[in-house]
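Read off the chains here:
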Amino acid sequence: VVEGEKCADNLNAFFKREGVWSMHVAVTSGSSTSADKTDWSPLQGRKVTIWPDNDASGFKYRDAVMVALKDVAAEVESIAVEGLSLRESEDCADWLAANSAATIASFASFPRYVPAI
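Because the structure is predicted, anything quoted here is derived from the model rather than measured.

So, on to the state of the cysteines. Taken as a whole and assessed by the stated rule, the structure comprises zero disulfides. In this model Cys-7 remains outside any disulfide bridge; the closest cysteine sulfur is found in Cys-92, 3.5 Å from its own. For Cys-7, a relative accessible area of 2% gives the class buried.

If you want it as structure tokens, here you go:
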């Protein structure tokens, strides 16, 4: 789950290039304020990874999506974008543009966000 259509489109193009689009699909609910207005039922029972924008609204969106998916998805995790050398307000489209040689294996080494309990 990403924030916005640009990110979903860029990430899906990456998945297609990597030949994993049948297993990985990027989706969005639209904007940073739409998480609680979205029908997340298509993600029922799936493993979901959230890639938030690197800013306060992105982190708020991440938290809202995590709450919304708590009883829907089989597993929900988030990338800790603070560990990806992104500047303030950059997103997955920016990361993909700056890391054109990245492969799907690169994603396994991404730091994961652990919410405070």
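So much for the structure itself; the text now carries on.
It is worth spelling out the sheet that holds strand β2 (residues 75-79) at this point. Within a sheet, neighbouring strands are paired by backbone hydrogen bonds and run either parallel or antiparallel to one another. Taken in spatial order, the three strands of this open sheet run β1-β2-β3, and their pairing is mixed. Both edges of this open sheet fall to β1 (47-50) and β3 (112-113), since each of them pairs with a single strand only. Across two bridges, β2 lies against β3 in antiparallel orientation. Within β3, the residue paired with Ile-79 across the bridge is Arg-112. Sheet contacts for helix α2 (residues 56-69): β1, β2 and β3; angle to β2, the most-contacted strand, approximately 170°.

What counts, and where the lines are drawn
- Residues numbered from 1 in each chain as written.
- Predicted model: local features only at pLDDT ≥ 70, side-chain atom pairs only at ≥ 80, totals over all residues.
- Heavy atoms only, no water.
- Disulfide = S-S within 2.5 Å.
- Buried < 20%, exposed > 50% of the residue type's maximum accessible area, 1.4 Å probe, protein only.
- Pairing = 2+ DSSP bridges.
- Helix = DSSP H or I, 4+ residues; strand = E, 2+ residues; numbered from the N terminus.
- Contact = heavy atoms within 4.5 Å.
- Axes fitted to C-alpha atoms, helices over the stretch in contact; angles between N-to-C directions.

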